[in-house]
Amino acid sequence: MRALASIQRIMALTPIEGAEAIETATVLGWQVVVKKHEFKPGDLVVYVEIDSVLPARPEFDFLKSKNYRIKTIRLRGQVSQGICFPLSVLPDSVDIGEGLDVTNILEIKHIDEIQPPTMPNAKGNFPSFVPKTEEPRLQTFKNLDKIKKYVYIVTEKLDGMSATYYLKDGVFGVCSRNLELKEDETSAYWRVAKMHGMEKALHIVAEYLDIKNVAIQGEIIGAGINGNRYNKAGIEFYAFSVFDIDKYKYVPEANAVFSFLSEIGIRTVPVLGNGIHITANTTREAVQKLSEIYLNGHSVIADVIPEGIVLRNVGQRKERISFKVINEAYLLEHNL
């Protein structure tokens, strides 16, 4: 699980037009509304990300009406994502340091931990030989040096539930985001597996890639899932990654791989652009704008506000860089 709360530095404070009591703090790549004069540029603070749920303690009671959950909000026209606390919210025993993860110290949980999906057919924990599907947000990068000088493929980020299907040493497995699941005909994960003949498909993909053990990861959307925001009559699966289990590395998201999956009946997430450069001169604002540029306010698969985009570096590379850019209009529309 990513760091939901950490010690970070306020990089800048900017006024909000027409607001006397509040201003905007820049923390990492996030814009956070704070009380005016509470912090100064350069101050260390405890920054808590959206989708976090704070414990029901007196110092957090001002969030009681929101069930202690941190969401994206708009104040005086300014979008605010996250919340800043002074360091005094931490126990005296904490050794203060910029970047320190204080999620567990403050007993903060992710909303998915508080409201986990019902999984009566759980077989066990998510297998250790495949990474979980968790993309960092653009704003979590303190600077953009890590993501620059790469070429990216841009895909639409779909709003559903992630699924992993694997084939390892002849054993076929079906997983949700956090669990491996027993076979169950009522489970959306297993219904997708049957619809697409996923076990056979994995054998075909392994042969195509000349590897032995492989996993396909993707998003399930449709009826009964996350409010069915795409208004689908049934359920649909869209693959976004292929993973080589033996090498413990993702197969580069080249057009050839996505085309092959389509040929064997497995949809892939919509590819919006390929060969996209993020250069040394690219600004954070320019990367954020890519979501608007590529989606123009509409999902590719339905006439709804899109969740955002995912960028993954392609071709030969020493490390895999993958991150998501979430559409602010989507967060506000769904009160997230």
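This report concerns the structure included in the present document. (Residues numbered from 1 in each chain as written. Predicted model: local features only at pLDDT ≥ 70, side-chain atom pairs only at ≥ 80, totals over all residues. Heavy atoms only, no water.)

## Focus on the environment of Leu-90
- Assignment of secondary structure puts Leu-90 in the loop between strand S8 (83-85) and strand S9 (109-110).
- In this structure Leu-90 comes out as buried when scored by relative accessible area, which is 5%.
- Expressed as a C-alpha distance, the spacing of Leu-90 and Val-46, which sit 44 residues apart in the sequence, is 8.3 Å.
- Ignoring anything within four residues of it in the chain, the contact list for Leu-90 reads Ile-7, Val-46, Ile-96, Val-102, Ile-105 and Leu-106. (Helix = DSSP H or I, 4+ residues; strand = E, 2+ residues; numbered from the N terminus. Buried < 20%, exposed > 50% of the residue type's maximum accessible area, 1.4 Å probe, protein only. Contact = heavy atoms within 4.5 Å.)

## A word on the side chain of Asp-51
- Within the secondary structure, Asp-51 is located in the loop between strand S4 (44-48) and strand S5 (52-53).
- When neighbours within four sequence positions are excluded, Asp-51 is seen to be in contact with Arg-2, Arg-69, Ile-70, Lys-109, His-110, Ile-111 and Arg-137.

## Some thoughts on unusual backbone geometry
- In this model, Asp-169 sits at a positive phi of 50 degrees, which is unusual for a non-glycine residue.
- Note that Asp-169 resides in the loop between strand S12 (161-168) and strand S13 (171-175).
- Note on Asp-169: relative accessible area 46%, which makes it partly exposed.
- One non-glycine residue, Asp-210, adopts positive backbone phi at about 60 degrees.
- The topology assignment puts Asp-210 in the loop between helix H3 (198-209) and strand S15 (214-222).
- A relative accessible area of 70% means that Asp-210 is categorised as exposed.

## Overview of the nonpolar core
- By size, the foremost hydrophobic cluster in this structure holds 30 residues, and its most contacted members are Tyr-165, Met-198, Ile-216, Ile-220 and Phe-237.
- Counting residues in hydrophobic clusters, the runner-up holds 24 residues, among them Val-53, Leu-90, Ile-326 and Tyr-330. (Core = buried A, V, L, I, M, F, W, Y, C linked by side-chain atoms within 4.5 Å.)

## A short note on H3
- Taking 1.5 Å as the rise per residue, H3 with 12 residues should run 16 Å; its terminal C-alpha atoms sit 16 Å apart, in good agreement.
- Considered for burial, the residues of H3 that qualify are Met-198, Ala-201, Leu-202, Val-205 and Ala-206. Down the axis of H3, the buried set is contained in an arc of 140 degrees. They therefore lie on one face. Set apart from the buried face of H3 by more than 90 degrees, the exposed residues are Lys-200 and Glu-207.
- Remark: Asp-210 follows H3 within two positions and exhibits a positive phi of approximately 60 degrees. (Expected span 1.5 Å × (residues − 1). Arc of directions from axis to C-beta.)

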